[in-house]
Amino acid sequence: MITPEIHNQIATAVKLLEAGGTVAFPTETVYGLGADATNPSAIRQIYEIKQRPINHPLIVHFGDIAQLSYWAQEIPNAAWKLAKHFWPGPLTLILRRSAHVPNIVTGDQDTVGLRIPAHPVALALLNALGAEKALAAPSANRFGRISPTTATHVQQELGQQVGMILDGGACEVGLESTIISFDDETALVLRPGGIPLSALDAILDKPAILVDQKNIKIRTSGILPAHYAPTTPLTIYPAEHIWASAQELAAQGLRTIVITYSEHHHANVSNQLIQHYAMPSDPVNYGKKLYAVLRQFDNQAFDQLLIEVPPSDPSWLAITDRLKRASYTQN
Ligand code: TXA
Ligand code: MG
């Protein structure tokens, strides 16, 4: 719901954006750090604030599907189908860009990532900006770190540097959008996310293909091996080994947090150095909480985060993907 207070803040945000400033705003996936997508110097600030390499492209968020052919061209039928069905929603389409999209948004590539977010505050902001305006926005975190799912996260991580933060509460999905590109009419999933593959396949004529991310040559920061990462080392363990590992670490004097979702295997561990946190056992609620939980424990003085391996069921794909990246180490 848009309260009169949020309504006023949106009006202020629009002025700031029109003047070339940055505004952090809620989406249903994670908070974004937005700037006027048509203003290269405004967008440059996003890269500076995030400390993100200048050639990593940004997603352009807009408010009305009628504007899709304003931002993109040569749009496959499969893309239209997905857009009509899932927008507003956690889906980003990589399409051939139109001349309206500046180079700095796309990292000089000839494609652009496009999305209509579902959060009422994001939509109100985009509508207030007006047609032929859009927000280029990455997640509102420093490059490589965990995406923010509350306004407080953004405040803690980027507070002083952002022109303004719109508070729309905790994000409903909690994981980033599903990113799809196209090979003719074949949908290629570049980043699993808020929309499960089964939901995409229900709409498409032929099943979407999950791209082996090692083979992707385009610059997608979300597919770098080390990404979405806490600063505390994070290791993934099967349920049957996680407690023994925690005890080994504790024996070395290391403070350890064990994060599980399954009811089983809750060992009777009473060691002051080991704490336990139980996540929801379904992927929707798990995904919603994951980043907030990682952030919370990362901010406490743990030496190790141990996380139970998620189920191999496809509905957990986005979670498995993020945990793999969060746990990536150089060796
Ligand atoms: O849910 C989301 O997608 C959130 C919210 C704020 O919308 N945004 C987000 O943005 O996660 P970011 O920048 O953190 O991740 C977007 C990913 C990046 O990995 C970027 O490289 C990729 O999308 N991307 C953007 N444009 C692209 C393009 N033209 N080709 C390939 N990848 C692209
Ligand atoms: Mg990001």
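Reading the values: the criteria
- Residues numbered from 1 in each chain as written.
- Chains lettered and ligands numbered in written order.
- Predicted model: local features only at pLDDT ≥ 70, side-chain atom pairs only at ≥ 80, totals over all residues.
- Heavy atoms only, no water.
- Axes fitted to C-alpha atoms, helices over the stretch in contact; angles between N-to-C directions.
- Helix = DSSP H or I, 4+ residues; strand = E, 2+ residues; numbered from the N terminus.
- Parallel < 35°, antiparallel > 145°, perpendicular 65-115°, else oblique.
- Left-handed = near helix turned anticlockwise from the far one by under 90°.
- Contact = heavy atoms within 4.5 Å.
- Nonpolar A, V, L, I, M, F, W, Y, C, P; charged D, E, K, R; others polar.
- Pairing = 2+ DSSP bridges.
- Buried < 20%, exposed > 50% of the residue type's maximum accessible area, 1.4 Å probe, protein only.
- Core = buried A, V, L, I, M, F, W, Y, C linked by side-chain atoms within 4.5 Å.

Student: Tell me about the packing of helix α10 (residues 283-298) against helix α11 (residues 317-326), and please be specific about residues and values.
Tutor: Two numbers describe how α10 lies on α11: the axes approach to 9 Å, and their chain directions differ by 30 degrees. Here α10 is positioned roughly parallel relative to α11, judged by the angle of their axes. As α10 packs across α11, the resulting crossing turns out to be left-handed. Listed contacts from α11 to P283, Y286, G287, L290 and Y291 of α10 are I319, R322 and L323. Classifying every residue of the contact of α10 with α11 gives six nonpolar, one polar and one charged.

Student: Tell me what's going on with the sheet that holds strand β13 (residues 256-260), and back it up with residues and numbers.
Tutor: Strand order in the open sheet made by the four strands is β12-β15-β13-β14, with parallel pairing throughout. Across the chains shown, the open sheet's two edge strands, defined by having one partner strand only, are β12 (234-237) and β14 (274-278). Neighbour-to-neighbour, the strand axes of the sheet open up by a mean angle of 20 degrees, direction not taken into account. Bridge count between β12 and strand β15 (residues 304-308): four bridges; the pairing is parallel. Residue pairing in the sheet places T235 in a bridge with L306 of β15. Strands β12, β13, β14 and β15 of the sheet are contacted by α10, whose axis makes an angle of about 165 degrees with β15.

Student: Give a description of the pairing of strand β10 (residues 186-191) that names residues and reports values.
Tutor: Of all six residues making up β10, six are buried, and the element is well covered by its neighbours. Bridge count between strand β9 (residues 178-183) and β10: five bridges; the pairing is antiparallel. Bridging across to β10, F182 finds its partner in A187. Turn length for the β9-β10 hairpin, with the two strands adjacent in sequence and antiparallel, is two residues, and the turn residue D184 shows positive phi of about 50 degrees. Pairing of β10 with strand β11 (residues 209-210), which is carried by two bridges, proceeds in the parallel orientation. Directly across from L188, in β11, lies its bridge partner I209.

Student: Which residues make up the nonpolar core, and what values go with them?
Tutor: Counting 52 residues, the largest nonpolar core has L93, L114 and L200 as its most contacted members. Residues contacting L200, with those up to four places away along its chain left out, are L82, F86, L91, T178, I180, V189, I195 and A208. In terms of nonpolar packing, the next biggest core, distinct from the first, is built from 24 residues, V30, Y277, M279 and Y291 among them.

Student: Tell me about the environment of P138, residues and numbers included.
Tutor: With respect to the element layout, P138 can be found in the loop between β7 (135-136) and α7 (151-158). Accessibility expressed as a relative area gives 5% for P138, which makes it buried. A sequence separation of 86 residues divides P138 from R52, and the C-alpha atoms of the two residues are 9.7 Å apart. Sequence-distant contacts of P138, defined by excluding residues within four places in its chain, comprise Y31, G32, L33, I46, K50, R52 and L58.

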